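Each chain, letter by letter, is given below.
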Amino acid sequence: MVVKLYGPDFASAKRVLVCLIEKEVIFETVPIDIFKGQNKDPDFLNLQPFGVVPVIQDGDYTLFESRAIIRYYAEKYKSQGTDLLGKSIEERGAVEQWLEVEAQNYHPAIYSLVIEILLARKKGTPSDAKAIEESEKKLGKVLDIYEERLSKSKYLAGDFFSLADLSHLPFTKYLADMGKMYLIEERKHVMAWWDDISNRPSWKKVSGSRWPLVE
């Protein structure tokens, strides 16, 4: 059964794509143009009542929210492809912990920067300089904690690549697009971590792709 992934060819949908490739899952993408409002079309709302991307259809099973989707595939195909959950309950706990850190601490700050810089640029609207400054400070504080953590282990959950690292890929890439990579580069261990995970074949394939994409 071929998995269908609905969404745009950027942001959180790429989080799911990397996971599918790492887990060697056969898939096809169905482009959804959110700037044209396709995520509000009735057919799409039947899949995702909130009109938010991405969404997957796996046979008769439909699931939305990118982090829920990657957890689902990492568990469903645990013995296939890259093990993204760890080999013990303690490692699994660490993966879940850092996934939550990404969602609750890292993502809000970087998402605010994306809204104020990239989205404002695309819409031709003014950015809020104060909001940008505050978000940079918040992200910097989070990355200071990452620097400490990554001085002790190669990856966030330990010495193995996991969902916790994978989940950072799509939005961290935007720092370069926004001219904010100094936040990564000035932290030695964070930079080494980013250089490692951003050079994985799965991410290189996804980051350079345009949809529709079939695996």
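So, here's what we can say about the structure. The structure presented is a predicted model; accordingly, all values stated were derived computationally and were not measured.

Here we look at the overall build of the chain
A tally of regular secondary structure across the chain gives 10 helices and four strands. Since a compact globule built from 215 residues should have a radius of gyration of about 17 Å, the 17 Å found for the chain is in line with a globular shape. Expressed as a percentage of contacts within the chain between residues at least 6 apart in sequence, the contacts between residues at least 24 apart total 69%. Surface accessibility of the chain: about 10600 Å² in total, with carbon and sulfur atoms responsible for 53%. In the chain, the 30 positive side-chain charges and the 33 negative ones have mean positions that sit 2 Å from each other.

Side note on helix H3 (residues 66-76)
Those residues of H3 that fall on the buried side of the exposure criterion are Ser66, Arg67, Ile69, Ile70, Tyr73 and Ala74. What you see down the axis of H3 is that its buried residues fit within an arc of 155°, all on one side. Packing partners of the buried residues in H3 comprise strand S1 (3-7), helix H1 (12-22), strand S3 (55-58), strand S4 (61-64), helix H4 (89-123) and helix H6 (163-166).

Things to note about the pattern of salt bridges
For the structure on display, the rule yields 17 salt bridges. Across the salt bridge formed by Asp196 and Lys154, the nearest N and O atoms sit 3.6 Å from each other. Taken together, the positions of Asp196 in helix H9 (residues 188-197) and Lys154 in the loop between helix H5 (129-150) and H6 put the pair 42 residues apart, joining distant regions of the chain. Under the relative-accessibility criterion, Asp196 is labelled partly exposed at 24%. Each of Arg71, Glu75, Arg92, Glu96 and Glu100 takes part in salt bridges that share partners, so that together they form one network.

A short note on the environment of Pro201
Along the chain, Pro201 turns up in helix H10 (residues 201-207). Assessed through its relative accessible area of 66%, Pro201 is described here as exposed.

Description of unusual backbone geometry
A cis amide bond, omega 5°, links Val53 with the succeeding residue Pro54. Turning to its location among the elements, Pro54 is positioned in the loop between helix H2 (42-47) and S3. In this model, Ala11 sits at a positive phi of 55°, which is unusual for a non-glycine residue. Looking at the element boundaries, Ala11 is found in the loop between S1 and H1. For Ala11, a relative accessible area of 13% corresponds to the buried category. With a phi close to 80°, Glu65 is a non-glycine residue in the positive phi region.

A look at the environment of Leu118
Mapped onto the fold, Leu118 is located in helix H4. For the pair Leu118 and Met178, spaced 60 residues apart in the sequence, the C-alpha separation amounts to 6.9 Å.

What about H9?
Three or more residues of H9 are buried, namely Val190, Trp193, Trp194 and Ile197. Within H9, the buried residues cover an arc of 95° as seen down the axis, which keeps them to one side. Considering only its buried residues, H9 is in contact with H5, H6, helix H7 (169-177), helix H8 (182-185) and H10.

Let's talk about the nonpolar core
Counting 58 residues, the largest nonpolar core has Tyr106, Leu139, Tyr146, Leu163, Leu175 and Trp193 as the members making the most contacts within it. Looking at which element gives the most residues to this core, the answer is H4, with 11 residues. When near neighbours in sequence (up to four residues on either side) are disregarded, Trp193 contacts Tyr146, Leu150, Lys154, Tyr155, Leu156, Asp165 and His168. Of all hydrophobic cores here, the second largest spans six residues; its members include Tyr6, Phe44, Leu47 and Val55.

Thresholds, definitions, all that
- Residues numbered from 1 in each chain as written.
- Predicted model: local features only at pLDDT ≥ 70, side-chain atom pairs only at ≥ 80, totals over all residues.
- Heavy atoms only, no water.
- Helix = DSSP H or I, 4+ residues; strand = E, 2+ residues; numbered from the N terminus.
- Rg over C-alpha atoms; globule rule 2.2 N^0.38 Å.
- Contact = heavy atoms within 4.5 Å.
- Areas by Shrake-Rupley, 256 points an atom, 1.4 Å probe, with all protein chains shown as cover.
- Lys, Arg positive; Asp, Glu negative; His and termini not counted.
- Charge placed at Lys NZ, Arg CZ, Asp CG, Glu CD.
- Buried < 20%, exposed > 50% of the residue type's maximum accessible area, 1.4 Å probe, protein only.
- Arc of directions from axis to C-beta.
- Salt bridge = Lys/Arg side-chain N within 4 Å of Asp/Glu carboxyl O.
- Core = buried A, V, L, I, M, F, W, Y, C linked by side-chain atoms within 4.5 Å.

Functional significance is not addressed by these values, which are geometric in nature.
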